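Listed below are the residues making up each chain.
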Amino acid sequence: MKVAIIGGTGYGAVELIRFLQHHPHVEIAQIISHSQAGTLFSDVYPHVNHMIDKPMDTLSVDDIVAQVELVFFATPPSVSCRLVPQLLDAGVKCIDLSGDFRLNDPNQYQAWYGSDTAEQTYLDKAVYGLSEVYRDQIANAQLIANPGCYPTAILLGLMPIVEQKLISPNSVIIDGKTGVSGAGRSTSLTVHFSEMNENTRAYKIGNHKHIPEIEQSLSEKSEQSYRVHFTPHIVPMTRGIMTTIYADLNQQVTQSELEAIYHFYYQDDHFVRVRTQGGIPATKEVYGSNYCDLGIFLDQRTQKLTVIAVIDNLVKGAAGQAVQNMNIMYGWDEQTGLAYLPVYP
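Keep in mind the model is a prediction, meaning the values are calculated, not measured.

A word on the overall build of the protein chain. Secondary structure assignment for the protein chain yields 12 helices and 13 strands. For 345 residues, the compact-globule formula gives about 20 Å, and the C-alpha radius of gyration of the protein chain, at 20 Å, lands near that figure. For the protein chain, the spread of C-alpha atoms along the principal axes amounts to about 60 × 45 × 40 Å. In the protein chain, which comprises 345 residues, the proportion classed as buried is 54%. Sequence separation of 24 or more characterises 70% of the internal contacts of the protein chain that already satisfy a separation of 6 or more. When the accessible surface of the protein chain is summed, it comes to about 14700 Å², and 49% of that surface belongs to carbon and sulfur atoms. Charged side chains in the protein chain number 23 positive and 36 negative. The centres of these two groups are separated by 4 Å.

This part is about helix H1 (residues 11-20). Of all 10 residues that make up H1, eight are buried, and the element is covered over most of its length. Looking only at H1, the buried set comprises Gly12, Ala13, Val14, Glu15, Leu16, Ile17, Phe19 and Leu20.

As a general point, the strands of a sheet are linked pairwise by backbone hydrogen bonds and lie either parallel or antiparallel. Reading across the sheet, the six strands line up as S2-S1-S3-S4-S6-S5 and stay open at both edges, with parallel pairing between neighbours. Either end of the sheet is taken by a strand with one partner, and the two such strands are strand S2 (27-32) and strand S5 (126-128). Pairs of neighbouring strands in the sheet enclose a mean axial angle of 20 degrees, with direction left out of account. Together, strand S3 (70-73), strand S4 (93-96) and strand S6 (143-145) form the strand contacts of helix H12 (residues 315-329), whose direction differs from that of S4 by roughly 155 degrees.

Where burial is concerned, most of strand S9 (residues 229-234) is hidden: five out of the six residues are buried. Alignment of strand S7 (residues 173-178) against S9, held across six bridges, turns out to be parallel. Within the sheet, the bridge partner assigned to lysine 177 lies in S9 and is histidine 233. The sheet contact formed by strand S8 (residues 201-202) and S9 spans two bridges and is antiparallel. When the sheet's bridge partners are listed, arginine 201 is paired in S9 with isoleucine 234.

Okay, the packing of aromatic side chains next. Tallied over the entire structure, the rule returns eight aromatic pairs. Aromatic side chains tyrosine 330 and tryptophan 332 sit 5.2 Å apart centroid to centroid with 20 degrees between the ring planes, which places their arrangement in the stacked category. Like tyrosine 330, the residue tryptophan 332 is buried in the burial classification. One Lys or Arg, lysine 93, reaches over the ring of tyrosine 330 and ends 4.5 Å from the middle of that ring. It is arginine 273 that lies over the ring of tyrosine 291; its NZ or CZ is 3.9 Å from the centre.

Take the sheet that holds strand S12 (residues 292-299) next. The mixed open sheet is built from seven strands, whose spatial order is S8-S9-S7-S10-S13-S12-S11. In this open sheet, the two edge strands, each paired with only one partner strand, are S8 and strand S11 (272-274). Where S11 meets S12, three bridges bridge the pair, whose relative direction is parallel. Within the sheet, the bridge partner assigned to valine 274 lies in S12 and is leucine 294.

In terms of nonpolar packing, the biggest core is built from 85 residues, with Leu20, Phe72, Ile167 and Met326 touching the most fellow members. If one sorts the elements of this core by residue count, helix H8 (residues 149-163) sits on top with 10 residues. Filtering out sequence-adjacent residues up to four positions away, isoleucine 167 remains in contact with Leu158, Ile161, Val162, Val172, Tyr226, Ala247, Asp248, Leu249, Asn250 and Leu305. Counting residues in hydrophobic clusters, the runner-up holds 23 residues, among them Ala29, Tyr122, Leu123 and Leu143.

In terms of burial, S2 is largely enclosed, as five of its six residues are buried. What joins strand S1 (residues 2-6) to S2 is H1, and the crossover it makes is right-handed.

Moving on: the side chain of glutamine 303. Within the secondary structure, glutamine 303 sits in the loop between S12 and strand S13 (304-311). The class of glutamine 303 is buried, set by a relative accessible area of 12%. At 3.3 Å, the side chain of glutamine 303 forms a polar contact with the side chain of glutamine 300. Other than its neighbours up to four places away in sequence, glutamine 303 contacts Ala247, Asp248, Leu249, Gln251, Gln252, Val253 and Leu298.

Under the defined criterion, the tally for this structure stands at zero disulfides. Of all cysteine sulfurs in the structure, the one in cysteine 149 sits closest to cysteine 292, which takes part in no disulfide; the separation is 12 Å.

Each neighbour pair has its own omega, and for tyrosine 344 with proline 345 the value is 0 degrees, a cis peptide bond. Mapped onto the elements, proline 345 comes out in the segment after H12. Despite not being glycine, histidine 50 shows a phi value in the positive range, around 75 degrees. In this fold, histidine 50 is placed in the loop between helix H2 (41-44) and helix H3 (61-67). Under the relative-accessibility criterion, histidine 50 is labelled exposed at 71%. With a phi close to 55 degrees, glutamine 303 is a non-glycine residue in the positive phi region.

Reading the values: the criteria
- Residues numbered from 1 in each chain as written.
- Predicted model: local features only at pLDDT ≥ 70, side-chain atom pairs only at ≥ 80, totals over all residues.
- Heavy atoms only, no water.
- Helix = DSSP H or I, 4+ residues; strand = E, 2+ residues; numbered from the N terminus.
- Rg over C-alpha atoms; globule rule 2.2 N^0.38 Å.
- Buried < 20%, exposed > 50% of the residue type's maximum accessible area, 1.4 Å probe, protein only.
- Contact = heavy atoms within 4.5 Å.
- Areas by Shrake-Rupley, 256 points an atom, 1.4 Å probe, with all protein chains shown as cover.
- Lys, Arg positive; Asp, Glu negative; His and termini not counted.
- Charge placed at Lys NZ, Arg CZ, Asp CG, Glu CD.
- Pairing = 2+ DSSP bridges.
- Axes fitted to C-alpha atoms, helices over the stretch in contact; angles between N-to-C directions.
- Phe/Tyr/Trp six-rings, centres within 6.5 Å; stacked < 30°, edge-to-face > 60°.
- Lys NZ or Arg CZ within 6 Å of the ring centre and 35° of its normal.
- Core = buried A, V, L, I, M, F, W, Y, C linked by side-chain atoms within 4.5 Å.
- Right-handed = clockwise from strand over helix to strand, strands pointing away.
- Polar contact = N/O pair within 3.5 Å; in protein donor to acceptor, adjacent residues only side chain to side chain.
- Disulfide = S-S within 2.5 Å.

Have a look at this one:
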């Protein structure tokens, strides 16, 4: 099956190419870049030299429709919302790694992203691509809204107890930490080596654009109204996300009962690994892989729950989950093209 990638020079795109290059059912027909059209992909990323030496293409919807069956969007916000409708109308399936189709309400998108998105008709066609939670809907989708990196870790960490309504909806506090690749490839003072090295900073406290995405999914799955407090931080490492999630339990449960709930919920999910007996996951243990590792901790004295979720932000938080969703859409084994151990150390 031939696919195209739009937004070919970003970290998300190069990770897509890393997985798709070895996928047995896929051929990359086009790598499209507005800023680097005509440039060899290997000139931008020399580590793929002799494997991917094709020039990047300019964007032509007609060419895409004529050549490919599926398009991945690895673009900034407010790009895919203009192009996806044209492709869907022409019968081309789309997986969007940006945020343009994640929120059901266009007014919410305007409030959090500061611009307009697609018409409601197309928002209604989008399936939220949290693979382990929305698998049945993904299997029949024409358009996947791939989750954000933070929401992937946070939602996988909360879903088992949220669906059973074991926590108070307004008690959730999330501490998130991401490596600098989460800021993308463009240079800025924030991720300048001298500013970032030996430094950690919080940012967008209470107004991060992933907040409505998290609340929307939690509210939908629990049939309760969720409001979360989320503070993200950027830390001096290249890859990885760790989210430490705190919530108040509304029932008396034990540590072993909580672990059993998580194990049962994810028993058929290869890419979610639940630690037991106090095991604390670390970002290095999922580096370069599509795994999400979870640790669950109950403070019996306060009846507060702590969940630690770690992912590689560029893989399970972006490109890896996009490939996993493609596999689900086409009825292939979910591990196809993704069955790699984490890189360690």
